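The primary structure of each chain is shown beneath.
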Amino acid sequence: MGNLPAELTSFVGRQREAAEVVRMLGESRLATLTGVGGVGKTRLAVHVARDLRSRFPDGVWFVELSSLRDPALLGHAVSSVLRVAHQAGRPQMAVLVEFLAGRRSLIVLDTCEHLVHGCAEMVDTLLRAAPGLRILVTSRCLLGLPAEAGFQVEPLPIEGRYRAAVPEAELVGPASGRSTPDDLVTRPVSGGSTPDDLVTRPVSGGSTPDGLVAPSVSVAAVPGGAVALFADRAASHVPGFVATPEVALLCQRLDGIPLAIELAAVRLRTLSVEQIMGRIDDRFDLLSSESRMGPPRHQTLRTAIGWSHELCEPLERLLWARLSVFAADFDLEAAQAICADPGTGSETGLHREQVEEVLVALVEKSILRRVDTGRAIRFRMLDTLREYGAEWLRELGEHAQARRRHRDHYLGLARRFDEDWFGPDQVAWYVRMNSELPNLRSALDFCLTDPAEHAVGLDLAGRLAYFWMACGFISEGRHYLQRALSLSQAPGTSLSRALWACAWLADFQGDLDEANDLATECLAQSFSQSDLAAAGWGTVCCANTGLHWGYVSEALAMYERARETHEDGGDRGAGLAYALTGQAYALTRLGRPEQALSCLRRQRTLCGSRGDIWLHSSGDWVRSLIELDRRDFPTADRFARTSLRAKYLLHDSLGMVMALASMARSAVGLGDMERSARLLGVGDLVERAFGLWLGPSEPDGPREEAEWRARAVLGDRAFDTAYARGRELDVESALAYALKDDGVTGSPYQEV
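Residues numbered from 1 in each chain as written. Predicted model: local features only at pLDDT ≥ 70, side-chain atom pairs only at ≥ 80, totals over all residues. Heavy atoms only, no water.

Draft legend 1. Region of the structure containing the sheet that holds strand S10 (residues 377–380). Ordered in space as S8-S10-S9, the three strands form an open sheet in which the pairing is antiparallel. Of all the strands in the sheet, the pair left with one neighbour each is strand S8 (330–331) and strand S9 (369–372). Note: S9 against S10, four bridges, orientation antiparallel. By the bridge assignment for S10, Val 371 is matched with Arg 378. (Pairing = 2+ DSSP bridges. Helix = DSSP H or I, 4+ residues; strand = E, 2+ residues; numbered from the N terminus.)

Draft legend 2. Region of the structure containing helix H6 (residues 226–237). Across its 12 residues, H6 extends 17 Å between first and last C-alpha, which sits within 8% of the 16 Å expected from 1.5 Å per residue. All of the buried residues along H6 are Ala 226, Val 227, Leu 229, Phe 230, Ala 231, Arg 233 and Ala 234. Looking at the buried side of H6, the elements it contacts are helix H2 (41–51), helix H7 (245–253) and helix H8 (258–266). (Expected span 1.5 Å × (residues − 1). Buried < 20%, exposed > 50% of the residue type's maximum accessible area, 1.4 Å probe, protein only. Contact = heavy atoms within 4.5 Å.)

Draft legend 3. The pairing of strand S4 (residues 133–138), seen in detail. Among the six residues in S4, five count as buried, and that is most of the element. Across four bridges, strand S1 (residues 30–34) lies against S4 in parallel orientation. Bridge assignment links Leu 30 to a residue of S4, and that residue is Ile 135. Direction of pairing for strand S3 (residues 105–110) relative to S4: parallel, over a ladder of six bridges. Bridge pairing in S4 links Ile 107 to Ile 135. Remark: the S3/helix H5 (residues 116–129)/S4 crossover connection has right-handed handedness. (Right-handed = clockwise from strand over helix to strand, strands pointing away.)

Draft legend 4. Here's a closer look at the environment of Leu 597. If you trace the backbone, Leu 597 turns up in helix H26 (residues 593–610). Looking at Leu 597, the relative accessible area reads 5%, which means it is buried. The sequence separation of Leu 597 and Tyr 585 amounts to 12 residues, and the corresponding C-alpha distance is 9.7 Å.

Draft legend 5. Here's a closer look at the pairing of strand S2 (residues 60–64). Judged by how many residues are buried, S2 sits mostly within the fold: four of five residues are covered. Note that S2 and S3 share five bridges and pair parallel. Along S3, the bridge assignment pairs Val 60 with Leu 106.

Draft legend 6. Representation of the sheet that holds S2 within the structure. Spatially, five strands are ordered S2-S3-S4-S1-S5 in an open sheet, and the strand pairing comes out parallel. Edge positions in the sheet fall to S2 and strand S5 (148–152), since each has one partner strand and no second. Between one strand axis and the next, the sheet turns by 20 degrees as a mean value, whatever way the strands run. (Axes fitted to C-alpha atoms, helices over the stretch in contact; angles between N-to-C directions.)

Draft legend 7. Structural view of the nonpolar core. Of all hydrophobic cores here, the largest spans 175 residues; its most connected members are Leu 109, Phe 230, Leu 323 and Trp 500. The residues touching Phe 230, leaving out its near neighbours within four places in the chain, are Phe 241, Val 247, Leu 250, Cys 251, Ile 261, Ala 264, Ala 265 and Leu 268. One finds Val 657, Tyr 723, Ala 734 and Leu 739 within the second-largest nonpolar core, a separate group that totals 29 residues. (Core = buried A, V, L, I, M, F, W, Y, C linked by side-chain atoms within 4.5 Å.)

Draft legend 8. Structural context of the packing of aromatic side chains. Under the defined criterion, the tally for this structure stands at 19 aromatic pairs. Ring geometry for Trp 500 versus Trp 537: centroids 4.4 Å apart, planes at 5 degrees, classification stacked. Of the two residues, Trp 500 is situated in helix H21 (residues 493–508) and Trp 537 in helix H23 (residues 532–549); the sequence distance between them amounts to 37 residues. For Trp 537, a relative accessible area of 1% puts it in the buried group. Lying over the aromatic face of Phe 99, Arg 103 brings its terminal NZ or CZ to 3.8 Å of the ring centre. (Phe/Tyr/Trp six-rings, centres within 6.5 Å; stacked < 30°, edge-to-face > 60°. Lys NZ or Arg CZ within 6 Å of the ring centre and 35° of its normal.)

Draft legend 9. Representation of the environment of Gln 603. By secondary structure assignment, the location of Gln 603 is in helix H26. Sequence separation between Gln 603 and Ala 584 is 19 residues, and the spatial gap between their C-alpha atoms is 9.2 Å. Beyond its immediate chain neighbours, meaning those up to four positions away, Gln 603 contacts Ala 577, Leu 580, Thr 581, Leu 615, His 616 and Gly 619. Within polar-contact distance, the side chain of Gln 603 engages the side chain of Thr 581 at 2.8 Å. (Polar contact = N/O pair within 3.5 Å; in protein donor to acceptor, adjacent residues only side chain to side chain.)

Draft legend 10. Structural context of the packing of helix H15 (residues 399–420) against helix H16 (residues 426–435). Packing of H15 against H16 brings their axes to within 11 Å, and their N-to-C directions diverge by 160 degrees. With respect to H16, the axis of H15 lies roughly antiparallel. By crossing handedness, the relation of H15 to H16 is classed as left-handed. Every residue of H16 that contacts H15 at Leu 413, Ala 414, Arg 416, Phe 417 and Asp 420 is listed here: Trp 429, Arg 432 and Met 433. Here the residues of the contact of H15 with H16 are counted per class, giving five nonpolar, no polar and three charged. (Parallel < 35°, antiparallel > 145°, perpendicular 65-115°, else oblique. Left-handed = near helix turned anticlockwise from the far one by under 90°. Nonpolar A, V, L, I, M, F, W, Y, C, P; charged D, E, K, R; others polar.)

Draft legend 11. Expanded view of the side chain of Asp 418. Topologically, Asp 418 is positioned in helix H15. Judged by its relative accessible area of 12%, Asp 418 falls in the buried class. Polar contacts involving the side chain of Asp 418 include one to the side chain of Arg 497, which spans 2.5 Å. Apart from the residues within four sequence positions on either side, Asp 418 is in contact with Arg 463, Tyr 466 and Arg 497.

Next up, the structure:
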């Protein structure tokens, strides 16, 4: 269980370091890997985490934080990775703490230096509450917690030794003609092998133009150092490559920093090792005439990146800079839209049709990494390279323009999502918007911190309403909508939409007074603007709140009014379907099944005609409740099963648990008490896996009735055994069991 990223290249060396980090995690529940950018902190952390998977039955999880800028969203970011659902009326950190409290898990928090104080607070809270939790952090600085075990990740050792260059007049050795090779004095490059392992000889045979003699270097057969890394990466570009003594000198020049070495190895496609050395030396000479602020290894990495930058073609350098505006990975469409020349007269020659070719060139030079998600090809830039590109973007004077183009692209994406959501592609939209979440956050943060962009930020946050509502991002959506609404905003469609969306989310989180206030304000705004869609949704939100307050009859009247408003020119898609669903549920609660079925027939026809599964599956769940009341257990099971399948695809965990409860009650009615108990165990598993808290039980609810009836027939011991069989499966197998009658193999995705 977990989500560790795949290792696309072999892991070279670091065996001692990996063993030490494993030891530290055995002795301390918090270990932090520190070191200069590009030194390999993330790679080492992932390697260690992969080796430790068997020790953590509740999962090893990788949380990448480089794209996150708001520390208030740290809990949401971790919850999203661990698939911890949002809960009504509870802070997300409290939900996360409860989820982790009884689990044995390892969490890798990657790239924490820009959020160090927020991360320290979160880590301290989680470790205090969850005794089975271990946390491995990568950062350029320690978190500063008392229980923290720090490990400095050093550059790779260099397998070889050298003699520093000296003036020829002072040389004792073959270059002066006055001595034999036995007179040579050598010393290790970085603490490598013993003299017996080495054969010392000149690198390039003689003196340099300034009267210095090149260092003597040799390559030792010691696996896992800088030379081994260079040789491994070089072999993927130049088959049959064998390291020479010059490679050790090159790795020494690069301070053994893995990222710098990998960037250099890529150049073997067009340059020899000697040519690479010469060009890197040119970069060091240039750097020596500039300000040398910062540690030498930071300067070395910057120099290596700068050298790689110079070796790129002009359009490649330009695209590198413009791509730095992305917060995380991106696709070709986004790169073309944001990074091609805008066509405003300031042309650079990077036209839209050229972007793909230049992207491929940057992948070949290891500036970008190609990521195949199984659904689409995306591209990713390492943080260190992104930072370098961003500096150049500012030097070019294009940073502000690039941020606005980035915002415009993701606003356009959000608008397309909003327009297309109530249709046949909801699963695909969920996957895409989930993958774009770091860039959406970046666009929102840009808008909400710049007064000139506040109105656009409000529009963007509101356009994502269905993503926040239907795809498991209740708390985060409310966070952004509250930020946007707290700013001075002009009346209009965007404001009304943000109000009802925030009201819906607040209601789902149990903040009923705030939800009612927001919905009331939405109604006032929408009626003054003649915005019938917002008026219908605002009325729905008032009905939701009334239902949760226990005013079922009053809620029914409001759902009916919302339906009429949408029919009269409001939102005839999702808005109307939602109002019909609420109306049917309220009628079911009031014991009026025929009228409820009439509403569901209309709702089902509407959803079916548009290809929607989000609200269609909610209607299926309501239908299962009706059939349970009518004692038609086969039909109840069929509708609950259909609802479960769709809810799983959209990560609607609350809907999954409700559907499982209906299925468990149906199994009792069908006489299969063991299956009922096992389905209840699956429901418990899903609750625990997604961190749900469903509130107090209902004595006559489907789950409670299923349990007492099954216990009465099976007896406590047999019931508990079957229950445990459902609870002890992994989530995928458990849901496959629930959706099929023929065992626990297969995937529920195959049914849709």
